[in-house]
Structure formats: C-alpha cells, structure tokens
Amino acid sequence: MNNTKELPIIQMTYDIIKWLIPNIDKLPRTQKFVLGDRIEIAFLDFLKYISLASKTKDKYEILTIADAKLMEIKLLCRLIVDLKYISIKQFEYLSKQLSEMGKMLGGWIKSIECRK
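First, a word on scope: everything that follows refers to the structure included in this document.

Calculation rules
Residues numbered from 1 in each chain as written. Predicted model: local features only at pLDDT ≥ 70, side-chain atom pairs only at ≥ 80, totals over all residues. Heavy atoms only, no water. Axes fitted to C-alpha atoms, helices over the stretch in contact; angles between N-to-C directions. Helix = DSSP H or I, 4+ residues; strand = E, 2+ residues; numbered from the N terminus. Parallel < 35°, antiparallel > 145°, perpendicular 65-115°, else oblique. Left-handed = near helix turned anticlockwise from the far one by under 90°. Contact = heavy atoms within 4.5 Å. Buried < 20%, exposed > 50% of the residue type's maximum accessible area, 1.4 Å probe, protein only. Expected span 1.5 Å × (residues − 1). Salt bridge = Lys/Arg side-chain N within 4 Å of Asp/Glu carboxyl O. 1 Å grid on protein atoms, 1.4 Å probe; cavity = no way out; pocket = protein on both sides within 12 Å on 5 of 7 lines; lining within 4 Å. Points joined across faces, edges and corners; volume = space filled by probe spheres on them. Nonpolar A, V, L, I, M, F, W, Y, C, P; charged D, E, K, R; others polar.

**What about the packing of helix α3 (residues 60-82) against helix α4 (residues 88-115)?**
- Interhelical geometry of α3 versus α4 gives an angle of 165° and a closest axis separation of 10 Å. One way to sum up the angle between α3 and α4 is to call them roughly antiparallel. For the crossing formed where α3 meets α4, the hand is left-handed. Across the interface between the two elements, Tyr60, Leu63, Ala66, Asp67, Leu70, Ile73, Lys74, Cys77, Arg78 and Val81 of α3 pack against Ile88, Phe91, Leu94, Leu98, Met101, Gly102, Leu105, Trp108, Ile109, Ile112 and Glu113 of α4.

Structure follows, in structure tokens:
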C-alpha cells in the first residue's frame, strides 16, 4: 500500500525492507539469525524514526538518531558484502538506495537546522 502523502524517504525505506527481507533469508544459517536480524532490526528502527519524525514537531533529535541508525545500516551492509553473503550487484543496488536515503535525510536535517 502506497500512501500518497507519505514522504519519499519513508516509501524508499519501506521498499528496500521489502527487497531486503527475502535476501536476508538467503544468508547462511549461522548469520541469518545474528547479522541478518541486526540488519533487519536496524532498517525497521530507521523506518520507525523517520516515521516518527514526520509526525512530530521536534524532529531534529529524532532525525539525528535516524542518521546514526543509517550509518549502522551502511556498515552492516558493507560487512555482508565483504563476507560475500550478497553479490556485488546486490550491494550496488543497496548502496545506491542507502546513498539516496542519506541525501534525503541530510536535506531534511539541514532544512530543520536552517529554521532554528
């Protein structure tokens, strides 16, 4: 379901989670429940923070936490490609999406900083 009033970063995050979950299921059993769960939880936390920020008046602190969560996601995703759990092609797609999400989040944070 795509809510037309939803921020693009929320929809992009939702879409990447939908793409990622089946790929996490393909991780080796030893990592699916450790590294895979951490990645999935980090993405879900990120989605929670940006959703919360979209609905609250005081966004800056929440977006700062979301920014730290996005950094965690990037590091975990880099780790799964370095361990060869996903292909370079999959990582390129994921990296492009994460970069775009970072730009959107950075722009959102800067727009709030300018209003202070």
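**Description of the environment of Lys103**
- With respect to the helices and strands, the residue Lys103 is situated in helix α4.
- The exposure class assigned to Lys103 is exposed, which follows from its relative accessible area of 58%.
- Residues Lys103 and Tyr14 lie 89 residues apart in sequence; the distance between their C-alpha atoms is 17 Å.

**Let's talk about α3**
- The terminal C-alpha atoms of α3, which comprises 23 residues, lie 33 Å apart, in line with the 33 Å expected from a rise of 1.5 Å per residue.
- Inspection of α3 places Ile62, Leu63, Ala66, Lys69, Leu70, Ile73, Leu76, Cys77, Ile80 and Val81 among the buried residues, and these make up the whole buried set.

**Focus on the pattern of salt bridges**
- For the structure on display, the rule yields three salt bridges.
- Put simply, Lys69 and Asp45 hold a salt bridge, and the shortest N to O gap is 3.4 Å. With Lys69 in helix α3 and Asp45 in helix α2 (residues 29-55), this residue pair connects regions lying 24 residues apart in the sequence.
- As a salt-bridge pair, Glu72 and Lys69 come within 3.0 Å of each other at their nearest N and O atoms. You can see Glu72 and its partner Lys69 sitting in helix α3, three residues apart, about one turn around the helix.
- Its relative accessible area of 15% is what places Lys69 among the buried residues.

**Side note on empty space enclosed by the protein**
- Under the defined criterion, the tally for this structure stands at one cavity of 30 Å³ or more.
- By volume, the largest cavity is sized at about 30 Å³.
- No other element matches helix α1 (residues 8-24), which puts four residues into the lining of the largest cavity.
- In the lining of the largest cavity, the residues fall into six nonpolar, one polar and no charged.

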